[in-house]
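Commentary on secondary and tertiary structure
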Amino acid sequence: SMSIMKAYLEMVDAPSIPSRKERKRAEIVAIAGDLFFKEGYAGTSMSQIAAAVGGSKQTLYNYFQSKEELLLAVVRDVVDMNPAEYLTGPPSDFRAWLTQFGCATMQGLTTYKYISLQRLAAAEALRFPEVGRIFDEIGVEPFYTTMTAKFVEAMDAGILRRADPRIAVEQFMEMSAGWLLRR
């Protein structure tokens, strides 16, 4: 009947409540992130993380196969972007979108977690270049790829003059946030 279908659709669309396992995983990621940010990737052991979580190393390994996999989850947690949030709005409203996007980006780039992650990547670059590589692969590249698509859309609509869209995004980001890296 129609009411059963409606109830099913509401159930499918309803936000899911995280399972106990998902909550524990999120707790491990949060605690590991705090330790990585304070002690560095090299200075943090799985034993320290297990002690802070209040479990055993085996518990950690039930969720993450390695310290690198746990770091990957921390990076994802910090830089996870939802491209749909940035791609809304018609291309004719590009100026308003760009303003909103710039503000949202600056808010994201100035959070404690994001700044801590950037510092971690820089501090560990020589000993553990995978930290920077992971940061770039998960955070930076998808961000630029998503934004480049929006700039291409604006160029195709004649709102922006035709140019290399990736360079246009990089120039916009440099104007918006370049000063952050030099202070």
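Our subject is the structure listed above.
Residues numbered from 1 in each chain as written. Predicted model: local features only at pLDDT ≥ 70, side-chain atom pairs only at ≥ 80, totals over all residues. Heavy atoms only, no water.

Quick notes on the layout of surface pockets
The criterion, for reference: Points on a 1 Å grid, built from protein atoms alone, make a cavity when a 1.4 Å probe fits but cannot get out and make a pocket when they are open with protein on both sides within 12 Å along at least 5 of 7 lines; residues with an atom within 4 Å of a point are the lining residues. Grid points are joined across faces, edges and corners, and a volume is the space filled by probe spheres set on the points. A run of H or I in DSSP counts as a helix once it spans at least four residues, and a run of E counts as a strand once it spans at least two, with each numbered from the N terminus. Basically, the charged four are Asp, Glu, Lys and Arg, the nonpolar ten are Ala, Val, Leu, Ile, Met, Phe, Trp, Tyr, Cys and Pro, and anything else, Gly included, counts as polar.
Here the second largest pocket defines a volume of roughly 270 Å³. Breaking the lining of the second largest pocket down by element, the ones donating at least two residues are helix H7 (94-109), helix H9 (129-156) and helix H10 (165-181). At 5 residues, H10 tops the list of elements feeding residues into the lining of the second largest pocket. Classifying every residue of the lining of the second largest pocket by side-chain character gives 10 nonpolar, 1 polar and 2 charged.

Here we look at the packing of aromatic side chains
Going by this rule: A pair of Phe, Tyr and Trp rings is counted when the ring centres sit within 6.5 Å of each other, with Trp represented by its six-membered ring. The angle between the planes then sorts it: under 30 degrees is stacked, over 60 is edge-to-face, the rest tilted. Distance and angle both matter: a charge sits over a ring if NZ of Lys or CZ of Arg is within 6 Å of the ring centre and within 35 degrees of the ring normal.
The final tally for this structure, using the stated rule, is 10 aromatic pairs. Each ring, one from Phe94 and one from Phe151, has its centre 5.4 Å from the other, and the planes form 85°; the classification is edge-to-face. Of this pair, Phe94 sits in helix H7 while Phe151 sits in helix H9; the two residues are 57 residues apart in sequence, bridging distant segments of the chain. Positioned above the aromatic ring of Tyr41, the side-chain terminus of Lys67 is 4.4 Å from the ring centre.

Things to note about H9
Using the following cut-off: Multiplying one less than the number of residues by 1.5 Å gives the expected span of a helix. Bend is the name given here to the angle between axes fitted to two runs of seven residues, the run ending at a residue and the run starting at it.
If you check H9, its first and last C-alpha atoms are 38 Å apart, about what 28 residues at 1.5 Å a residue would give, namely 40 Å. In H9, a bend of some 40° at Asp136 exceeds every other bend along the element. One or two steps after H9, the chain reaches Gly158, where phi turns positive at roughly 80°.

A closer look at the packing of helix H5 (residues 67-79) against H9
Just so we agree on the cut-off: Only the contacting stretch of a helix is used when fitting its axis, a line to C-alpha atoms as for every element, and angles between N-to-C directions run 0 to 180 degrees. Orientation labels follow simple angle bins: below 35 degrees gives roughly parallel, above 145 gives roughly antiparallel, 65 to 115 gives roughly perpendicular, and whatever is left gives oblique. Crossing handedness follows the turn of the near helix against the far one: under a right angle anticlockwise gives a left-handed crossing, and clockwise gives a right-handed one. Whether two residues touch is decided by their heavy atoms; if any such pair falls within 4.5 Å, the residues are in contact.
For the pair H5 and H9, the least separation of the axes is 10 Å and the interaxial angle reads 40°. The orientation of H5 relative to H9 falls into the category oblique. In the packing of H5 onto H9, the handedness of the crossing is right-handed. For the pair H5 and H9, the contacting residues are Glu68, Leu71, Leu72, Val75, Arg76 and Val79 in the first and Glu130, Val131, Arg133, Ile134, Phe135, Ile138 and Gly139 in the second.

A word on the nonpolar core
Applied cut-off: Among buried residues, the Ala, Val, Leu, Ile, Met, Phe, Trp, Tyr and Cys ones that are joined through side-chain atoms within 4.5 Å form a nonpolar core. Here's how the labels work: a residue is buried when its accessible area is under 20% of the maximum for its type, exposed when over 50%, partly exposed in between, all with a 1.4 Å probe on protein chains only.
One finds Phe36, Ile49, Leu70 and Met173 to be the most contacted residues of the largest nonpolar core, which totals 48 residues. Secondary-structure elements contributing two or more residues to this core are helix H2 (20-39), helix H3 (46-53), helix H4 (57-63), H5, H7, helix H8 (112-123), H9 and H10.

Things to note about the pattern of salt bridges
Basically, it comes down to this: Salt bridges are counted wherever a side-chain nitrogen of Lys or Arg sits within 4 Å of a carboxyl oxygen of Asp or Glu.
Counted by the stated rule, this structure contains 9 salt bridges. With a closest N to O distance of 3.5 Å, Glu27 and Lys24 form a salt bridge. One end of the pair, Glu27, and the other, Lys24, are both in helix H2, 3 residues apart, so they sit about a helical turn from each other. The partly exposed category is assigned to Glu27, whose relative accessible area is 34%. The exposure class of Lys24 is partly exposed, given its relative accessible area of 24%. The structure contains a network of salt bridges with shared partners spanning Glu68, Arg133 and Glu137.

A short note on empty space enclosed by the protein
Evaluated as defined, the whole model comprises 1 cavity of 30 Å³ or more. The calculated volume of the largest cavity comes to roughly 40 Å³. Around the largest cavity, the lining residues are Val29, Ala30, Gly33, Asp34, Phe37, Val74, Asp77, Val78 and Lys113. Contributing elements (two or more residues each) for the lining of the largest cavity: H2 and H5. If you tally residues by element for the lining of the largest cavity, the top one is H2, at 5 residues. Split by residue class, the lining of the largest cavity holds 5 nonpolar, 1 polar and 3 charged.

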